[in-house]
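Fold and geometry: a report
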Amino acid sequence: LSSPHRTTTTNSSLPATLSNLIMKVFQFLSFLPLADAFSTLSSKSTGLSAKVGGGANMIEFAKYEGLGNDFVLIDDRDKVSPSLTPEQSQRLCNRNFGVGGDGVIFALKAPEEGDFDFTMRIYNSDGSEPEMCGNGIRCFAQFLKDLGEDAQSYRVNTLAGPIVPVMNADGTITVDMGEPILDGPTVPTTLSPNSEHNSVLEQTHICNGKEWKISMVSMGNPHAVIFVNDLEKDIDFESDGPALEGDRSVFPAKTNVEFVQVMSPTHLKMKVWERGAGPTLACGTGTCALVVAAIRAGKIPRPPVGESVRVTLPGGDLFIEWREDNNKVYMTGPATLSFQGTASLK
């Protein structure tokens, strides 16, 4: 008698199990409209299409990353200004309700005046617009190549001035980032200049209840570089980063913040709190700025001609050379296509 009872119980529970499974499938399918933001994904590196299309509320995009610093790229080469507003870009950067990214980068046509191939504009994930982005310019250059612009180098118009990325045979990209700006008021900062070139070098400042020694460098955008003995023990990153970024008493345009540990005479390690984006896995302009600051402050020697400083970021390594003959900074690192698709502009 007990055996038929057990059989009856098992058989009667089967429809309920199937019903629960069907319900879960329908619940999953109900999220597919949101997944339209990630539809027609591809990791192919040729034949890209990333521009507004498919209806007024849809936009084609390509997603790139440089050491984990990730960006949504839009092909606006037929336009002089971005096709998205800062607010739309902010929503597109949302990692839950959009594509997700540290910023949206627009490949625009070159201005009529000046010797340029293209213009790059970028909106941060908070909708603000920075002057330049080091990892972003490498992604920009790789995006152009994948779109069919098969040049060895590009002269790019940015809000920080002309920037020249060069495509290397090994797949990396070297970017002529220009000369560092050291003049304190120009960076800008109101910290008192205390070094040559009217610069701010390890100047004392109290913020978030702590005393910091801050070196200011601009690579077209402001950077506050702080050297520490131990990146894990000497800072409260989630608290100190935003406090310093938004300290308008000394950073009138806010600032990027780099915390740096010297590992060897040719190796630095850093964590970055980016202005307008918060913690990111990498920051190209910040990496350039901290190498300049490290050499100027005597933390490391200037490497011989042709050699670079290795900088380890949470997302990987960049290699920086600050050339003495022309005072320019050169950054070398990767840029990779992650996927492409069509997103809904909500």
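Residues numbered from 1 in each chain as written. Predicted model: local features only at pLDDT ≥ 70, side-chain atom pairs only at ≥ 80, totals over all residues. Heavy atoms only, no water.

The subject of this paragraph is the packing of aromatic side chains. Taken as a whole and assessed by the stated rule, the structure comprises seven aromatic pairs. Aromatic rings pair up to connect Trp212, Phe237, Phe259 and Trp273 into one cluster. A cation over a ring is seen here: arginine 155 above phenylalanine 116, with NZ or CZ 5.4 Å from the ring centre. Geometry around tryptophan 322 places arginine 302 over its ring, the cationic atom sitting 4.1 Å from the centre. (Phe/Tyr/Trp six-rings, centres within 6.5 Å; stacked < 30°, edge-to-face > 60°. Lys NZ or Arg CZ within 6 Å of the ring centre and 35° of its normal.)

Here we come to the confidence of the model for the chain. Model confidence for the chain is summarised by a mean pLDDT of 89, while 84% of its residues fall at 70 or above. Across residues 25-46 the pLDDT falls below 50, and counting only partners more than four positions away or on other chains, this stretch makes 32 contacts in the model. (pLDDT = per-residue confidence, 0-100. Contact = heavy atoms within 4.5 Å.)

Moving on, we get to the environment of asparagine 198. Note that asparagine 198 resides in the loop between β8 (173-176) and β9 (203-207). By relative accessible area, which is 36% here, asparagine 198 ends up partly exposed. Leave out the neighbours within four places in its chain, and asparagine 198 touches Leu182, Asp183, Gly184, Pro185 and Pro193. (Helix = DSSP H or I, 4+ residues; strand = E, 2+ residues; numbered from the N terminus. Buried < 20%, exposed > 50% of the residue type's maximum accessible area, 1.4 Å probe, protein only.)

Glancing now at the nonpolar core. Formed by 56 residues in total, the largest nonpolar core has its most connected members in Ile137, Phe140, Leu268 and Val311. Contact partners of valine 311, with chain neighbours within four places excluded, come to Leu268, Met270, Thr287, Leu290, Val291, Gly316, Asp317, Leu318 and Ile320. Counting residues in each nonpolar core, the second largest holds 19 residues, with Leu191, Val228, Val250 and Trp273 among its members. (Core = buried A, V, L, I, M, F, W, Y, C linked by side-chain atoms within 4.5 Å.)

Take helix α5 (residues 237-245) next. All of the buried residues along α5 are Phe237, Asp240, Gly241, Leu244 and Glu245. Here the buried residues of α5 occupy an arc of 125 degrees about the axis, which is enough to place them on one side. (Arc of directions from axis to C-beta.)

It is worth spelling out the pattern of salt bridges at this point. The full count for this structure, using the stated rule, is 17 salt bridges. Across the pair arginine 77 and glutamate 149 runs a salt bridge whose closest N-O atoms are separated by 2.9 Å. Of the two residues, arginine 77 is situated in the loop between β3 (69-76) and α3 (86-93) and glutamate 149 in the loop between α4 (134-146) and β6 (156-158); the sequence distance between them amounts to 72 residues. You can call glutamate 149 partly exposed: its relative accessible area is 26%. Across the pair arginine 310 and aspartate 317 runs a salt bridge whose closest N-O atoms are separated by 2.8 Å. Via salt bridges that share partners, Lys63, Asp70, Arg95 and Asp102 belong to a single interconnected network. (Salt bridge = Lys/Arg side-chain N within 4 Å of Asp/Glu carboxyl O.)

A few words now on the pairing of strand β16 (residues 316-322). The buried count for β16 comes to five of seven residues, which makes it a mostly enclosed element. Bridge count for strand β15 (residues 309-313) against β16 is five bridges, and the pairing is antiparallel. Looking at the pairing, valine 309 lines up with isoleucine 320 of β16. In this sheet, strand β17 (residues 329-333) lies alongside β16 in antiparallel orientation, the contact comprising four bridges. By the bridge assignment, isoleucine 320 is partnered in β17 with methionine 331. (Pairing = 2+ DSSP bridges.)

On to the side chain of glutamate 258, then. Within the secondary structure layout, glutamate 258 lies in strand β12 (residues 256-264). Within the buried set, glutamate 258 has no salt-bridge partner at all; the shortest N-O distance to an opposite charge, 9.7 Å, is to arginine 275. Those residues within four positions of glutamate 258 in sequence are excluded, and the remaining contacts are His223, Ala224, Val225, Ile226, Met270, Lys271, Val272, Cys283, Gly286 and Leu290. (Lys, Arg positive; Asp, Glu negative; His and termini not counted.)

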